[in-house]
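Here is what each chain is made of, one letter per residue.
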Amino acid sequence: MLVLVAPGQGAQTPGFLTPWLELPGAADRLGAWSDAIGLDLAHYGTQADADAIRDTAVAQPLLVAAGILSAAALGDIAPGAVAGHSVGEITAAAYAGVLDDTAALTLVRKRGLAMAEAAAITETGMSALLGGDPEVSVAHLEKLGLTPANMNGAGQIVAAGTMEQLAALNEDKPEGVRKVVPLKVAGAFHTHHMGPAVDKLAEAAKELVPGDPKVIYVSNKDGHAVATGAEVLERLVGQVANPVRWDLCMETFKELGVTALIEACPGGTLTGLAKRALPGVKTLALKTPDDLDAARELIAEHA
């Protein structure tokens, strides 16, 4: 049982798309997507610096493009299930056939712009808590006025809120938490601060005609498999202001009997969580095209 997953914001690094554009047809596909959404994805994926690709309006389409491009390089694969973390859910919707590639890029471009606008209203951010008991940490965050925006499992929670609230967290960590790590994102995503973006995304979604998932699509909202394209789209809209329950997604992977997990480019974060939360499951992160042969071997064994 193979699960194909797509990472969320913060996974991008300067120049990470450079080797992928050397694959046959990759530059042409990226160019067509760039024209469709009015954003030079090749520039941002190969030449832009860390600050430029930290911009929410840039990072989100860049990650979805990378996820679609890298998965396509694996050839015609048949995973048992797909899922994505935060913006990676749009990538997963493309994998599942809910949205075609251009529709996925068009939606994520509007999502990124709307969330960047919402983030500009108040200075906010996100920090990862490493270690500690989830119940203790969540209660502590709520006491500080912070939202547990990502429940990632494997001992990791991401807190979101104002910069003042995050500074207070840094000074007053929950009991058992080893470290608080600020994330390279430009807002308190998956909280009430993103409310204005929900309305804009709902309008954008009205222009799309989703298909029903062709494989099991596991949702961030509650870890449930979603059967219809209409519900996937509805969840993608509400997701920007709701917590990401990646812990519940991994519980569903377990229930489905997952034996292998491949994370699309820029992979690493979700395979790291899976190694701790899904012992015995083989994992592979697509970082460069050099990882494709090993990924194909894993697919041959587990898909």
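Up top is the structure.
What counts and how
- Residues numbered from 1 in each chain as written.
- Predicted model: local features only at pLDDT ≥ 70, side-chain atom pairs only at ≥ 80, totals over all residues.
- Heavy atoms only, no water.
- Helix = DSSP H or I, 4+ residues; strand = E, 2+ residues; numbered from the N terminus.
- Expected span 1.5 Å × (residues − 1).
- Buried < 20%, exposed > 50% of the residue type's maximum accessible area, 1.4 Å probe, protein only.
- Polar contact = N/O pair within 3.5 Å; in protein donor to acceptor, adjacent residues only side chain to side chain.
- Contact = heavy atoms within 4.5 Å.
- Core = buried A, V, L, I, M, F, W, Y, C linked by side-chain atoms within 4.5 Å.
- Phe/Tyr/Trp six-rings, centres within 6.5 Å; stacked < 30°, edge-to-face > 60°.
- Salt bridge = Lys/Arg side-chain N within 4 Å of Asp/Glu carboxyl O.

Undergrad: I would appreciate a short explanation of helix α6 (residues 101-119) in the present structure.
TA: For α6, built from 19 residues, the straight-helix expectation of 27 Å at 1.5 Å per residue is met to within 8% by its first-to-last C-alpha distance of 27 Å. Those residues of α6 not exposed but buried are A103, A104, L105, L107, V108, R109, R111, G112, A114, M115, A118 and A119. Measuring from the side-chain oxygen of the N-cap residue of α6 to the backbone nitrogen of T102 gives 3.2 Å; that N-cap residue is D100.

Undergrad: Looking at this structure, how should I read the environment of I37?
TA: Relative to the helices and strands, I37 is located in helix α1 (residues 26-37). Taking the C-alpha atoms as reference points, I37 and A103, 66 residues apart in sequence, are found 9.7 Å from one another. With sequence-adjacent residues up to four places away left out, I37 is seen in contact with P61, L105, T106 and R109.

Undergrad: Looking at this model, I keep getting lost on unusual backbone geometry. Mind explaining?
TA: Both trends apply: most residues other than glycine have a negative phi, and most peptide bonds are in trans. A cis amide bond, omega -5°, links C265 with the succeeding residue P266. Following the sequence through the fold, P266 ends up in the loop between β9 (260-263) and α12 (269-277). Even without being a glycine, S86 presents a positive backbone phi close to 60°. The topology assignment puts S86 in the loop between β2 (81-84) and α5 (88-95). We classify S86 as buried; its relative accessible area is 9%. Positive phi values are uncommon outside glycine, yet A154 reaches one of about 50°. Position of A154 relative to the elements: it lies in the loop between β4 (147-153) and β5 (156-162).

Undergrad: Just checking my understanding: could you explain the nonpolar core for this structure?
TA: The nonpolar side chains of a soluble globular protein tend to be buried, and buried together. Formed by 79 residues in total, the largest nonpolar core has its most connected members in L41, L99, L105, L107, Y217 and I262. Y217 has contacts with V82, E89, A92, A93, A96, H224, A225, V226, V232 and L236, leaving out every residue within four places of it along the chain.

Undergrad: Mind showing me how you'd approach the packing of aromatic side chains here?
TA: The geometry of an aromatic ring pair is captured by the separation of the ring centres together with the interplanar angle, meaning the angle of the planes. All told, the structure shown has one aromatic pair when counted by the stated rule. Between W246 and F253, the ring centres sit 5.8 Å apart and the planes meet at 80°, which makes this aromatic pair edge-to-face. Exposure remark for F253: the relative accessible area of 0% places this residue in the buried category.

Undergrad: What should I look at first to understand the pattern of salt bridges in this one?
TA: Any two side chains of opposite charge can pair, on the condition that their charged atoms come close. Considering all chains together, one arrives at 10 salt bridges under this definition. A salt bridge links R245 to D247; the shortest N-O distance between them is 2.7 Å. Of the residues examined, D247 reaches a relative accessible area of 18% and is grouped as buried. For E301, the salt bridge is made with K282, and the minimal N-O distance between the two is 3.6 Å. Residue E301 is located in helix α13 (residues 292-302), and its partner K282 is located in strand β10 (residues 282-285); the two are separated by 19 residues in the primary sequence. Overall, the relative accessible area of 44% leaves K282 in the partly exposed class. Through salt bridges with shared partners, a single network forms among D222, E231 and R235.

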